[in-house]
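Structural characterization, general
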Amino acid sequence: MVDRTEARISQVVRASFAQFLGMYRKAGEIEPHYIPMARELMQANKHTLYVRLEDIRELDTDVVEFVPSELRDAIEQQYYKLLPHLCDAVGDFMQKQTVDRDLAEWSRKQPKFGLAFHGLEVAAGLRDLRTGDLGRLMAIHGTVTRTSDIRPELRVGVFECMDCNRRIGGIQQQFKLTEPVNCTNPLCRNTTRWLNRREEGECCDWQKMRIQEDASAIPAGSMPRSIDVIVRDEICEKCKPGDNVMVTGSMIVVPDVANLMNPSELKTSVVRKEINRGRREGLSDGITGLKELGMRSLSHKHAFLGCFVQKNEQNKDDKQEIFVNIRPEVEMDGKDFKLDRSDKDFLEELSRDPKVFDRVAAAVAPMVHGHLDVKKGLLLLLVGGMSKQTHESIKLRGDINMCICGDPSTAKSQFLKWVSKFLPRGVLASGQAASAAGLTAAVIKDTDTGDAVIEPGALMLADNGICCIDEFEQMNSRDQVAIHEAMEQQTITLSKAGIQATLNARTSLLAAAAPRTGRYDVSRSLSHNVDISPPIMSRFDLFYVIIDKPEEECDDELAQHITALHTGKAAAQEAQGLSRKQLQQFIRMARDIHPSFTTEARDMVVKQYRSLRQAEGVEKFTSRVTVRQLESLVRLSEAIARVHLVQEVTPKHVLQAVQLMRASIRKVEATDKDLGEVDDSVGQAAPEPEAAAAAVVPPAKKRVTVSMAEYEKVARMLAGHLRMEANRNVAVTYSDLVDWYLLQVEHKVTDENELWQETFRMKKILDRLIEVDKVIVVTQQAENKDDRVLAKHPNFKES
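So, a few notes on the structure that sits alongside this text. Note that the coordinates shown come from a computational prediction; the quantities given were computed from them, not determined experimentally. (Residues numbered from 1 in each chain as written. Predicted model: local features only at pLDDT ≥ 70, side-chain atom pairs only at ≥ 80, totals over all residues. Heavy atoms only, no water.)

1. Here we look at the overall build of the protein chain
For the protein chain, the helix and strand inventory stands at 28 helices and 28 strands. Split into buried and exposed, the 799 residues of the protein chain put 44% on the buried side. For the protein chain, restricting intrachain contacts to residue pairs at least 6 apart in sequence, the fraction spanning at least 24 positions comes to 72%. Accessible surface computed for the protein chain: about 42,900 Å², of which carbon and sulfur atoms make up 50%. (Helix = DSSP H or I, 4+ residues; strand = E, 2+ residues; numbered from the N terminus. Buried < 20%, exposed > 50% of the residue type's maximum accessible area, 1.4 Å probe, protein only. Contact = heavy atoms within 4.5 Å. Areas by Shrake-Rupley, 256 points an atom, 1.4 Å probe, with all protein chains shown as cover.)

2. A word on the environment of Glu31
Mapped onto the fold, Glu31 is located in the loop between helix H1 (2-23) and helix H2 (34-44). Residue classification places Glu31 among the partly exposed residues on the basis of a relative accessible area of 31%. Filtering out sequence-adjacent residues up to four positions away, Glu31 remains in contact with Arg25, Pro36 and Arg39. A polar contact of 3.1 Å, which involves the side chain of Glu31, links it to the side chain of Arg39. (Polar contact = N/O pair within 3.5 Å; in protein donor to acceptor, adjacent residues only side chain to side chain.)

3. Overview of helix H6 (residues 101-109)
Looking only at H6, the buried set comprises Leu103, Ala104, Trp106 and Ser107. Down the axis of H6, the buried set is contained in an arc of 165 degrees. They therefore lie on one face. Seen from the buried face of H6, the exposed residues on the opposite side, beyond 90 degrees, are Arg101, Asp102, Arg108 and Lys109. Each element contacted by the buried residues of H6 is listed here: H2 and helix H5 (79-95). (Arc of directions from axis to C-beta.)

4. Focus: the pattern of salt bridges
Where charged atoms from two side chains of opposite charge come close, those side chains can pair. For the structure on display, the rule yields 35 salt bridges. A salt bridge links Asp243 to Arg425; the shortest N-O distance between them is 2.0 Å. In this pair, Asp243 sits in the loop between strand S8 (226-232) and strand S9 (244-255) while Arg425 sits in the loop between helix H12 (412-422) and strand S14 (426-430), placing the two residues 182 residues apart along the sequence. Arg425 matches Asp243 in its accessibility class, with the two residues each being buried. A single salt-bridge network, built from bridges that share partners, covers Glu160, Arg167, Arg197, Glu199 and Glu200. (Salt bridge = Lys/Arg side-chain N within 4 Å of Asp/Glu carboxyl O.)

5. Remarks on the pairing of strand S10 (residues 300-311)
In this structure, S8 lies alongside S10, joined through two bridges in parallel fashion. Bridged to Val229 within S10 is Phe304. Bridge analysis of S9 against S10 gives 11 bridges, and the strand direction is antiparallel. Within S10, the residue paired with Ser250 across the bridge is Leu305. (Pairing = 2+ DSSP bridges.)

6. Topic: the packing of helix H26 (residues 708-727) against helix H28 (residues 752-771)
As a packed pair, H26 and H28 sit with axes 11 Å apart at the nearest point and diverge in direction by 75 degrees. Classified by the interaxial angle, the pair formed by H26 and H28 is roughly perpendicular. Across the interface between the two elements, Glu710, Tyr711, Val714, Ala715 and Leu718 from H26 touch Arg761, Met762, Ile765, Leu766, Arg768 and Leu769 from H28. For the contact of H26 with H28, the class distribution of residues is eight nonpolar, no polar and three charged. (Axes fitted to C-alpha atoms, helices over the stretch in contact; angles between N-to-C directions. Parallel < 35°, antiparallel > 145°, perpendicular 65-115°, else oblique. Nonpolar A, V, L, I, M, F, W, Y, C, P; charged D, E, K, R; others polar.)

7. Description of unusual backbone geometry
Across the chain, the bulk of peptide bonds are trans and the bulk of non-glycine residues have phi less than zero. One non-glycine residue with positive phi stands out, namely Ser409, at about 60 degrees. Examined against the element boundaries, Ser409 turns out to sit in the loop between strand S13 (402-406) and H12. Even without being glycine, Asn729 reaches a positive phi, approximately 60 degrees. Counting through the fold element by element, Asn729 comes out in the loop between H26 and strand S26 (732-733).

8. Focus: the nonpolar core
Of all hydrophobic cores here, the largest spans 56 residues; its most connected members are Leu379, Leu380, Met402 and Leu510. At seven residues, the largest contribution of residues to this core is made by helix H11 (residues 372-383). The next biggest cluster of nonpolar side chains, apart from the first, holds 40 residues, and it includes Ala18, Tyr79, Leu103 and Leu115. (Core = buried A, V, L, I, M, F, W, Y, C linked by side-chain atoms within 4.5 Å.)

9. Observations regarding helix H21 (residues 580-591)
With 12 residues, H21 should reach 16 Å at 1.5 Å per residue; the first-to-last C-alpha distance of 17 Å fits that figure. Counting buried positions over the 12 residues of H21 gives nine, a clear majority of the element. Buried residues of H21: Leu583, Gln584, Gln585, Phe586, Ile587, Arg588, Met589, Ala590 and Arg591, and no others. (Expected span 1.5 Å × (residues − 1).)

10. Thoughts on the pairing of strand S20 (residues 508-513)
Most of S20 is tucked away: six of the six residues are buried. Of the two faces of S20, the one carrying Ser508, Leu510 and Ala512 and the one carrying Leu509, Ala511 and Ala513 are both buried. As paired strands, S13 and S20 are joined by four bridges and run parallel to one another. Following the sheet pairing, Cys403 is matched in S20 by Ala511.

11. Quick word on the sheet that holds S26
An order of S26-S28-S27 is seen for the three strands of this open sheet, with the pairing classed as antiparallel. If you trace the sheet from one side to the other, it starts and ends with S26 and strand S27 (776-780), each paired once. As paired strands, S26 and strand S28 (residues 789-792) are joined by two bridges and run antiparallel to one another. In the strand pairing of S28, Val732 is matched with Leu790. Along the sheet, H26 makes contact with S26, S27 and S28, crossing S28 at roughly 105 degrees.

Okay, structure coming up:
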């Protein structure tokens with residue numbers, strides 16, 4: 001009775017689903033919605049029809065003989081049991097087409113059709129799966145960590161009896177090789193001797209994926225959970241490791257094939273392991289149970305049978321916010337990226353703003369106050385340059401690498417976390433807990449086949465994305481060497497366990513490093529502050545140093561910003577700038593632009609690179625200026641042109657790139673410049689003769705210092721004046737330059753003592769610029785120091 005009832009329900013569902021496919025229409029459609037999709041299957045010679053589940057509920061009840069909501073509930077509750085009948089309904093729907101006879105004729109020649117449901121409202125987490133969900137239609141989401149090769153799977157087998165040669169067909173396979181129970185010949189008693197006729201059986205493509213739950217869904221103190229996902233036919237190769245996906249299908253129970261195999265089918269290593277385990281358990285004591293008599297307990301495990309795989313476009317934190325993938329898999333020149341007219345007009349108007357670079361950069365990591373230069377670097381990191389390939393098939397990377405070094409509590413980790421969650425293929429790793437294999441790739445043994453397979457690391461998972469590594473200085477030197485190839489050639493070469501492979505790692509690297517002694521020592525160079533080797537340091541396009549120094553105004557603004565974050569008042573401030581979605585749309589639009597260098601811009605790149613090389617002895621840089629810095633200059637110029645949404649790289653963009661590079665590679669010097677010792681009497685009125693004669697204590701000495709910001713400001717002022725006078729062919733002496741500067745600051749001087757102090761400070765600064773920093777050079781010597789003719793060093797940049 002139960003079998004008859006189930007058969008009747010299956011027939012009703014099959015007829016109702018076929019009727020739905022033939023009758024459903026959307027608003028404004030002339031013919032049924034799924035007929036054009038069936039024609040596309042015929043033209044592409046494919047067999048899987050994609051059906052949106054909500055379309056069943058939206059079906060008009062007046063045109064069909066069933067209740068649509070009941071059909072939808074039946075499919076959702078008993079999906080796995082009804083799946084064969086639903087696939088047969090797809091064939092019935094195509095074969096009943098009387099208007100399109102070609103479609104009906106083609107469908108009759110096809111052995112079987114597939115069905116893929118999508119559009120489920122809610123996606124469950126891996127931690128929410130229970131036994132009660134077996135067979136139900138549901139969706140899960142997670143990150144793909146491993147994919148297997150596409151292998152053939154026997155769906156329906158044909159076997160030949162080796163005693164009477166009778167063939168038995170139609171044996172359904174249930175995730176393992178299933179043989180007939182006995183021979184259909186009444187005179188034959190064979191139950192074990194079968195020959196598999198593979199050429200007569202029905203096979204399909206099969207692939208297994210490993211999906212791990214998102215980091216945001218893992219409770220505190222718990223390990224991430226994973227599940228095997230099995231896909232078939234046209235659903236294979238829809239994703240790769242590192243993708244955040246949503247899979248629609250059903251949870252199933254599959255047998256653990258290794259435990260069901262005969263001892264003769266097991267590998268030698270497995271048999272040896274079983275023997276050793278038996279010796280440890282003391283089998284010499286005699287047979288103690290059914291297990292020792294050959295009875296084997298069945299072992300099953302949960303798996304997920306997927307019928308539809310799509311990239312997850314939801315935010316990793318907020319499941320209601322939609323992702324705009326700023327880095328598509330294939331550059332489509334904007335063909336796969338669509339915007340509403342209002343959004344497009346807003347972004348185009350934004351690109352015409354002269355301060356578009358500053359406005360868009362301010363929207364990067366809005367929870368971090370200030371650090372506009374670092375945010376500009378992060379924006380260029382997200383936009384990136386253009387990847388190129390020479391005639392000799394040599395690839396030139398377009399991705400930008402960036403490193404942030406600074407004192408504790410300067411928001412380095414916040415920058416990394418924001419970037420890793422800003423795009424789907426963003427991976428966050430910690431240098432202290434990362435190894436060379438964990439960052440690149442590892443070779444492990446597959447538990448099912450025993451073959452050596454490649455387990456992708458963080459750089460492979462972030463392919464076509466951004467890999468963020470925190471505590472970069474904590475990495476072992478051997479582990480740092482492992483990423484040399486990935487940072488420059490963007491490939492990972494493996495030669496392990498008989499596997500010789502070159503894997504793609506087309507990713508940008510964003511690293512954060514802390515100083516060696518806890519706080520950044522401004523009196524020493526960058527290489528003495530951070531444990532990063534020179535080869536890796538040269539591979540970073542941008543290198544920012546953040547120093548936590550007390551400044552009253554900045555500290556007050558920072559305190560107010562953090563207080564607003566904790567009190568929930570920062571959302572209104574963030575709403576004044578670009579939203580997260582608008583920023584993603586802008587970056588995606590910028591990445592669809594492929595700017596080319598003008599002749600003037602090319603000449604400017606050559607000039608600026610030559611200037612950087614010559615300025616190594618004048619300006620203190622964190623590392624040598626090499627050809628890698630030239631390529632970095634090209635990539636940064638292209639990224640800045642993309643930010644302005646223009647098709648040409650102009651000299652203006654090159655100059656902006658040079659300013660960013662100079663700001664990132666210039667050595668961070670002391671906050672205060674030491675100008676030497678001076679008597680306390682300098683700048684004071686002369687004492688009376690009687691008091692001077694009575695004074696027996698010599699005047700006290702004190703150190704004179706000036707802040708780094710003030711020192712650089714004075715240097716720029718003097719260099720600019722010397723440049724302007726040189727253009728007028730006017731010679732400027734030492735005394736002339738001092739007098740000119742005093743005229744510029746006379747409004748700040750209130751009395752004669754302050755004038756003497758300012759004159760003395762100015763001469764000390766000028767002497768240091770001439771003798772130590774070589775920013776100003778002496779072009780004509782004289783007996784009197786004040787009569788020397790001065791000029792600006794040609795390699796010193798005022799900006």
